[in-house]
Amino acid sequence: MQRNKSMLLGTAALLSLALLVVLQTPTAEADRLQPKGYRETVQKLQKHYVKFEDKVSREFRLWKEEGTMSQHFRQLIQASAIGKSERAQEIRELPTAREGPLCAICRGFGGSVLEFRREGASREEVYNTTVELCTMLNLQEESICRGLIELNIDTILYIVDNRPDLTSASLCAVVFQSGACVLDDPTFTEWQVDVDSNGTPVTSSKSGTAQRGPNDLKIVQITDLHFDPNYRTGYNAECGAPACCRESQGIPEDTTAAAGHWGDYRNCDTPWNAVEDLIDRIAEDHSDADYVYHTGDIIDHGIWETSIGYNVRSINRVISKLRETFPETPVYNILGNHEAHPTNVYELGEVTRPDFSTNWLYHLSADLWSHWLPRAAEQTIRLGGYYTALVRPGFRIIALNNNDCYTFNWWILFQPDALKGQLQWLHDVLLQAERADEKVHILAHLPISSDCFSVWQREYRRILERFRDTISAQFHGHTHKDEFNVFYASENPEFAVGVAWNGGSGTAHTNVNPNYVVYYVNPETYEVTDFESYAYNLTSANLTPDDRPDWFRMYSFQEEFGLSDLSPAGVDEMIQRLGTPAGRSELRRYWEYKVKLADASLANDCTEDCLLNHLCEIVTNQADDLRKCQELSDTFFD
């Protein structure tokens, strides 16, 4: 499972940026559980934040007035600096104990930069100040701080200048989305999708089709290829940047730090030969596939030096390869957060400056995807990168661009209720599908639980509950892990209402093997009856660079875990079993497959607390709703 990692408004955006770098590559254990007394501690922290902000603000002002940093200010920065290991962690995977300190750093330094701009600081002054703070706070190396800030500063300054009521508290709460950063601004929270009132209450878990059958449809999912045109075999894989193994980073003296021919477990993306091999292998070994779902993230992790032209070239190359390989097999593509320039930044709301527009990407996508789609899909792709298509009578795909809800999409800070637009469209298409007696698969790059803005998560869950009988399956990417999520009813969390499957990643970034997934889908209900995950061992592949990788079937989900069916009810039974001491060995197998049997991850192992956190990740779909996680923790050590 992997994710990616932006920056500026002080540490808010500063820390974000640094951690945005990581945000596509989770390497640390998640920390879902909150200790006893957590909420009381958070309340006490609010007073600490205010004092810390005042202290940092005073020292910051002195620095700008006198031209030199006081010793006290340097000590504050030194005490606030993050460890290098935290650069390579996704924000939501940082330990709960770090939520408070990081929120304080964000509000303190972020608030000072916010004030600095609003008191008349120029773009150059804000840029130089933020680069210095980014470097001193150890968010990234100076060159990466400069690149990230240069790419993001104009967007953020526009938002700051045009949202005079935006506070560092709100900014940090949106970006960090942790219990320690409280969001109490109604601008962000008081909007809703208009949901049709004819739905029925949730009174039981959703059951489904039992066994895989001989007439099942076969759907292959490819996701998170992260093609890096700068990847060079033998170059430095331990460069300390968000993306290594690149030509500009040189050949290391230590040969163990050299990039492998087929990819590398470290912070490295995918060479073209590995991208080609994965796509070719699917065509060779699964020529009977009915459809291909390609769920985004073509672009690499060199997020400090992207450009529109650079992204266009990589996107063109990958989509052209898919078109050549699958000329007759329908391929349903969606956008990943990395396709945008700057990374993660998808324009929202009433923005008049053309240089901030994401239209270049939407028009490019409409043109490239048109080979597989009906003409009617073009309109919404050009509008916002999303679409719907009737695959066959009774079966519809809804392809979302839910990168707009990513907490590193700065435009959420500008006009949060603009997120309603695509969600309302989703609702309306589902309502039409329900009336036409169609079943629906939803494709979205970001898992709903993974760093989507919490209010967006809340509204998506409302839509999912209302149309749970119409939505047969959901498919996600982004995390680089072979995993899944179960959705539970908001008011009755004992009932499971949906399952979302994650296709893993074509990249090995970070500490995972490349993989793809083959789903078996009932041709009448369009529910997933089983899936098989295919991978190759990167260590072995790199030992024989002249030979193609040895792909193998890692497992069949139904066979491995003995499920009667893969419905929400069936998968919930499995989760309850894994949440007991008797299910520990099964849970460990789940984790091993989640990291795709990668040598680098298996060597690090996973403690019991680690296993519990991975179990909690399955059942957590909203940032502020940990009820199911708490239930599992209550039985885990019985």
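Refer to the structure presented above.
Residues numbered from 1 in each chain as written. Predicted model: local features only at pLDDT ≥ 70, side-chain atom pairs only at ≥ 80, totals over all residues. Heavy atoms only, no water.

### Here's the deal with the overall build of the protein chain
Piece 1. The helix and strand tally for the protein chain stands at 22 helices and 12 strands.
Piece 2. Computed over C-alpha atoms, the radius of gyration of the protein chain comes to 23 Å, within 12% of the 26 Å expected from 2.2 N^0.38 for 638 residues, which places it in the range of a compact globule.
Piece 3. Overall, the C-alpha framework of the protein chain stretches about 75 × 60 × 55 Å when taken along its three principal axes.
Piece 4. Here the protein chain holds 638 residues, and 63% of them are scored as buried.
Piece 5. Summed over its atoms, the accessible surface of the protein chain is roughly 22700 Å², and 47% of this surface lies on carbon and sulfur atoms.
Piece 6. Charged side chains of the protein chain number 58 positive and 93 negative; the gap between the two group centres comes to 3 Å. (Helix = DSSP H or I, 4+ residues; strand = E, 2+ residues; numbered from the N terminus. Rg over C-alpha atoms; globule rule 2.2 N^0.38 Å. Buried < 20%, exposed > 50% of the residue type's maximum accessible area, 1.4 Å probe, protein only. Areas by Shrake-Rupley, 256 points an atom, 1.4 Å probe, with all protein chains shown as cover. Lys, Arg positive; Asp, Glu negative; His and termini not counted. Charge placed at Lys NZ, Arg CZ, Asp CG, Glu CD.)

### Quick look at helix H2 (residues 38–66)
Piece 1. Taking 1.5 Å as the rise per residue, H2 with 29 residues should run 42 Å; its terminal C-alpha atoms sit 41 Å apart, in good agreement.
Piece 2. If you check which residues of H2 are buried, you get Tyr38, Val42, Gln46, Tyr49, Phe52, Glu53, Val56, Ser57, Glu59, Phe60 and Trp63.
Piece 3. Against the buried residues of H2 lie helix H3 (71–80), helix H5 (96–118), helix H6 (123–136) and helix H8 (168–176).
Piece 4. Positive phi appears at Gly67, one or two residues downstream of H2, with a value of about 85 degrees. (Expected span 1.5 Å × (residues − 1). Contact = heavy atoms within 4.5 Å.)

### Considering the sheet that holds strand E11 (residues 528–535)
Piece 1. Pairing is mixed in the open sheet, where 6 strands are placed in the order E3-E2-E1-E10-E11-E12. Taken across any chain shown, the strands that pair with only one partner, and hence form the sheet edges, are strand E3 (331–333) and strand E12 (552–556). Neighbouring strand axes in the sheet, compared pairwise and without regard to direction, differ in orientation by 25 degrees on average.
Piece 2. Against the sheet, helix H10 (residues 272–285) makes contact with strand E1 (217–222) and strand E10 (515–521), and its axis sits at roughly 30 degrees relative to E10, the strand it touches most.
Piece 3. Where helix H11 (residues 308–325) meets the sheet, its contacts fall on E1, strand E2 (291–294) and E3, and the angle it forms with E2 comes to roughly 170 degrees. (Pairing = 2+ DSSP bridges. Axes fitted to C-alpha atoms, helices over the stretch in contact; angles between N-to-C directions.)

### Comments concerning empty space enclosed by the protein
Piece 1. Looking at the second largest cavity, its volume works out to about 130 Å³.
Piece 2. As for the second largest cavity, its lining consists of 16 residues, and the residues nearest its centre are Lys206, Ser472, Ala473, Val499 and Pro568.
Piece 3. Sorting the residues of the lining of the second largest cavity by element identifies strand E7 (471–476) and strand E9 (496–502) as the ones contributing at least two each.
Piece 4. Taken together, the residues that form the lining of the second largest cavity break down as 9 nonpolar, 4 polar and 3 charged. (1 Å grid on protein atoms, 1.4 Å probe; cavity = no way out; pocket = protein on both sides within 12 Å on 5 of 7 lines; lining within 4 Å. Points joined across faces, edges and corners; volume = space filled by probe spheres on them. Nonpolar A, V, L, I, M, F, W, Y, C, P; charged D, E, K, R; others polar.)

### Some details on the pairing of strand E6 (residues 439–443)
Piece 1. Among the 5 residues of E6, 4 are classified as buried, and the element is accordingly described as predominantly covered.
Piece 2. Pairing analysis gives 5 bridges linking strand E5 (residues 395–399) to E6, with the strands arranged parallel. From the neighbouring strand, Arg396 faces E6, where its bridge partner is Val440.
Piece 3. The parallel pair E5 and E6, bridged by helix H14 (residues 420–435), forms a crossover whose chirality is right-handed.
Piece 4. Summarising the sheet, E6 and E7 pair through 4 bridges and their orientation is parallel. Within the sheet, the bridge partner assigned to Ile442 lies in E7 and is Gln474. (Right-handed = clockwise from strand over helix to strand, strands pointing away.)

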